[in-house]
Amino acid sequence: MEKKNIDWANLGFAYMKTDKRYVSNYKDGAWDEGALISDANVVINECAGVLQYAQTVFEGLKAYTTEDGHIVTFRPDLNAERLEASARRLEIPVFPKERFLDAIHQVVEANAAYVPPYGSGATLYIRPYIFGSNAVIGVKPADEYQFRVFTTPVGPYFKGGAKPITIRVSDYDRAAPHGTGNIKAGLNYAMSLQAIVEAHEQGYDENLYLDAATRTKVEETGGANFLFVTKDGKLVTPKSNSILPSITRRSLVYVAQHYLGMEAEEREVTMEEVKDFAECGLCGTAAVISPVGKIVDHGKEICFPSGMEEMGPVTKKLYDTLTGIQMGRIQAPAGWIEVIL
Ligand SMILES: *Cc1c(COP(=O)(O)O)cnc(C)c1O
């Protein structure tokens with residue numbers, strides 16, 4: 001298979017049309033057989049449920065080339081399960097897990113020429129999503145839906161190494177205690193846009209959201225979960241019913257415990273205790289881990305001992321081990337790597 005003539009090392013994180021996308025439509029209570037198609041545009045009624053009442057959920061994962069030249073994805077079964085949980089919460093019909101995995105397989109295989117080569121740092125980002133497609137004007141779930149998966153090659157998240165970022169404690173809330181913070185839905189992002197634009201205007205990279213009920217506990221950022229490392233080398237991740245269960249975070253906790261012999265604790269983390277941690281990072285599919293050097297809480301600065309120049313040593317070990325597993329340099333736990341080609 002001949003690769004596309006793309007400057008892999010200089011790709012950004014932007015949409016680029018690839019050859020094929022997978023589409024299945026839900027009508028009269030059932031998903032159709034689905035197919036790969038070439039048309040990148042979606043034509044739906046002006047009153048479609050997704051356009052009026054934001055009835056849509058999504059996922060994000062990557063395909064990439066391992067050291068031995070295979071094209072693989074990382075734990076897509078967990079994306080299938082999470083999409084199911086998200087869909088149920090928004091009264092969207094579930095797209096069956098086996099069919100989800102088959103769709104990912106088909107769409108990556110069909111766009112194999114866009115999967116960046118090993119060592120480029122770039123990946124093929126995969127975006128599965130479901131949306132209400134028929135006209136809905138009274139508030140109710142749609143009757144018809146589309147499940148779609150497209151891919152787009154994206155560049156290395158960190159060009160020239162991962163520099164620690166600075167984040168601020170946001171005055172906006174991300175998710176209510178019994179709301180939708182724990183599902184992957186566009187609506188959680190729409191309401192974060194003003195907060196992120198303001199954060200950027202003020203020179204911050206991201207927002208730290210507190211729990212909406214008490215505003216004392218750390219939740220997550222707009223699109224990544226937190227990791228903290230204590231001064232005695234323990235991994236701590238915030239526990240909350242209103243954060244999105246990151247697959248990267250769950251994988252890093254496993255790596256910490258089973259590969260690095262670390263203790264890991266998922267528990268409530270108060271804003272008050274954040275100053276006592278040795279290292280801080282954000283985790284998600286896009287960057288795996290973004291190190292956090294500084295958190296600014298209304299003028300009060302929390303500077304982690306790991307500093308603003310590089311990742312903390314424990315964060316780095318976690319990062320190197322998980323990316324080593326993903327790229328095939330380190331033996332993966334059974335079932336983590338799905339070989340496509
Ligand atoms: C997708 C997402 C994450 C990261 O999840 P991964 O499965 O690790 O990519 C974290 N927080 C939010 C709000 C997200 O939408």
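As the structure is a prediction and not an experimental result, all values here were calculated from the model. (Residues numbered from 1 in each chain as written. Predicted model: local features only at pLDDT ≥ 70, side-chain atom pairs only at ≥ 80, totals over all residues. Heavy atoms only, no water.)

## Observations regarding the nonpolar core
For soluble globular proteins, nonpolar side chains are generally found buried alongside one another. Going by this rule: Take the buried residues of types Ala, Val, Leu, Ile, Met, Phe, Trp, Tyr and Cys, join any two whose side-chain atoms come within 4.5 Å, and each joined set is a nonpolar core. A simple rule labels every residue: compare its accessible area, found with a 1.4 Å probe on the protein chains alone, to the largest value its type can have, and call it buried under 20%, exposed over 50%, or partly exposed in between. Numbered from the N terminus, helices here are DSSP runs of H or I no shorter than four residues, and strands are runs of E no shorter than two. Note on contacts: a residue pair is in contact if any heavy atoms of the two residues lie within 4.5 Å.
Counting 37 residues, the largest nonpolar core has Val57, Phe100, Val108, Ile130, Phe147 and Val149 as its most contacted members. At the level of elements, strand E1 (21-27), strand E5 (61-65), helix H2 (76-89), helix H3 (97-110), strand E7 (123-132) and strand E8 (145-154) are the ones that each hand at least two residues to this core. Looking at this core element by element, the count peaks at six residues for H3. Once residues lying within four places of it in the same chain are set aside, the contact partners of valine 57 are Leu83, Ser86, Ala87, Leu90, Ile92, Tyr129, Ile130, Lys184 and Ala185.

## Focus: the pairing of strand E16 (residues 300-303)
For clarity, the cut-off: Each pair of strands is called paired provided DSSP finds at least two bridges between the two strands.
Pairing geometry for strand E15 (residues 288-297) and E16, over four bridges, is antiparallel. Residue pairing across strands places isoleucine 295 opposite isoleucine 302, the latter belonging to E16. Taken together, E15 and the strand that follows it, E16, pair antiparallel across an intervening segment of two residues, in which histidine 298 is found at a positive phi of about 50°.

## Structural notes on the layout of surface pockets
Let me state the cut-off plainly: Cavity and pocket criteria rest on a 1 Å grid covering protein atoms alone: a 1.4 Å probe that fits but cannot get out defines a cavity, protein on both sides within 12 Å along at least 5 of 7 lines defines an open pocket, and an atom within 4 Å of a point defines a lining residue. Grid points are joined across faces, edges and corners, and a volume is the space filled by probe spheres set on the points. Three categories are distinguished: nonpolar for Ala, Val, Leu, Ile, Met, Phe, Trp, Tyr, Cys and Pro, charged for Asp, Glu, Lys and Arg, and polar for the others, with Gly belonging to the last.
In this structure, the largest pocket spans a volume of roughly 1,100 Å³. For the lining of the largest pocket, the secondary-structure elements that each account for two or more residues are E7, E8, helix H4 (186-190), helix H5 (193-201), strand E10 (206-208), helix H6 (247-258) and strand E14 (279-284). A class-by-class count of the residues in the lining of the largest pocket yields 23 nonpolar, 15 polar and seven charged. Its volume calculated, the second largest pocket comes out at about 590 Å³.

## Quick notes on the environment of isoleucine 92
Among the structural elements, isoleucine 92 can be located in the loop between H2 and H3. By relative accessible area, which is 4% here, isoleucine 92 ends up buried. Sequence separation between isoleucine 92 and phenylalanine 131 is 39 residues, and the spatial gap between their C-alpha atoms is 7.8 Å. Residues contacting isoleucine 92, with those up to four places away along its chain left out, are Gln55, Thr56, Val57, Ala87, Ile130 and Tyr145.

## Observations regarding the pattern of salt bridges
Under the convention used in this document: Whenever Lys or Arg places a side-chain nitrogen within 4 Å of a carboxyl oxygen from Asp or Glu, that contact is recorded as a salt bridge.
Inspection of the entire model under this criterion finds 17 salt bridges. Where lysine 234 meets glutamate 263, a salt bridge forms, and the shortest distance between an N and an O atom there is 3.9 Å. Placement of lysine 234 in the loop between strand E11 (225-229) and strand E12 (235-238) and of glutamate 263 in the loop between H6 and strand E13 (264-267) is noted, with a sequence separation of 29 residues between them. By relative accessible area, glutamate 263 is classed as exposed at 54%. Lysine 275 is the salt-bridge partner of glutamate 272, the closest N and O atoms lying 3.5 Å from each other. A relative accessible area of 58% places glutamate 272 in the exposed class. One salt-bridge network, in which partners are shared between bridges, spans Lys234, Glu263, Glu265, Arg267 and Glu273.

## Structural notes on the site of the ligand
Put simply, the rule reads: Put simply, a residue is near a molecule or strand once any heavy atom of it comes within 4 Å of that molecule or strand. Between N or O atoms, a polar contact is any pair within 3.5 Å; within protein, one atom must be a potential hydrogen donor and the other a potential acceptor, and residues adjacent in sequence are included only when both atoms are from side chains. For every accessible area listed, the method is Shrake-Rupley and the probe measures 1.4 Å; residues are considered covered only by the protein chains on display. A molecule is counted as occupying a cavity or pocket when more than half of its atoms fall within 2 Å of that pocket's grid points.
Near the ligand, the surroundings consist of 15 residues, among which Lys184, Tyr189, Ser246, Thr248 and Thr285 are the closest. Here an oxygen atom of the ligand and a side-chain polar atom of arginine 82 are 2.8 Å apart. Contact with the protein chains hides 96% of the accessible area of the ligand, taken as 380 Å² for the molecule alone. With respect to the detected pockets, the ligand is housed in the largest pocket. The residue makeup of the shell around the ligand, split by class, is four nonpolar, seven polar and four charged.

## A closer look at empty space enclosed by the protein
Within the structure shown, the criterion is met by one cavity of 30 Å³ or more. When its volume is computed, the largest cavity comes out at roughly 140 Å³. In terms of lining residues, the largest cavity is bounded by Gly60, Leu61, Lys62, Tyr64, Phe74, Asn79, Ile247, Thr248, Thr285, Leu322 and Gln326. Looking at the lining of the largest cavity, the elements that each hand over two or more residues are E5, H6 and helix H7 (313-326).

## Examining the UniProt feature "modified residue: N6-(pyridoxal phosphate)lysine" (unreviewed entry) in the protein
To keep things clear, this is the line we draw: UniProt positions are given in the numbering used here, feature names are shortened, and annotations may be inferred rather than shown by experiment.
UniProt's entry tags Lys184 with the feature "modified residue: N6-(pyridoxal phosphate)lysine" (unreviewed entry), counted in the numbering of this structure. Structurally, the position occupied by lysine 184 is in the loop between strand E9 (165-169) and H4. If sequence neighbours within four positions are ignored, lysine 184 has contacts with Val57, Phe58, Glu59, Gly60, Arg82, Ser86, Tyr189 and Leu244.

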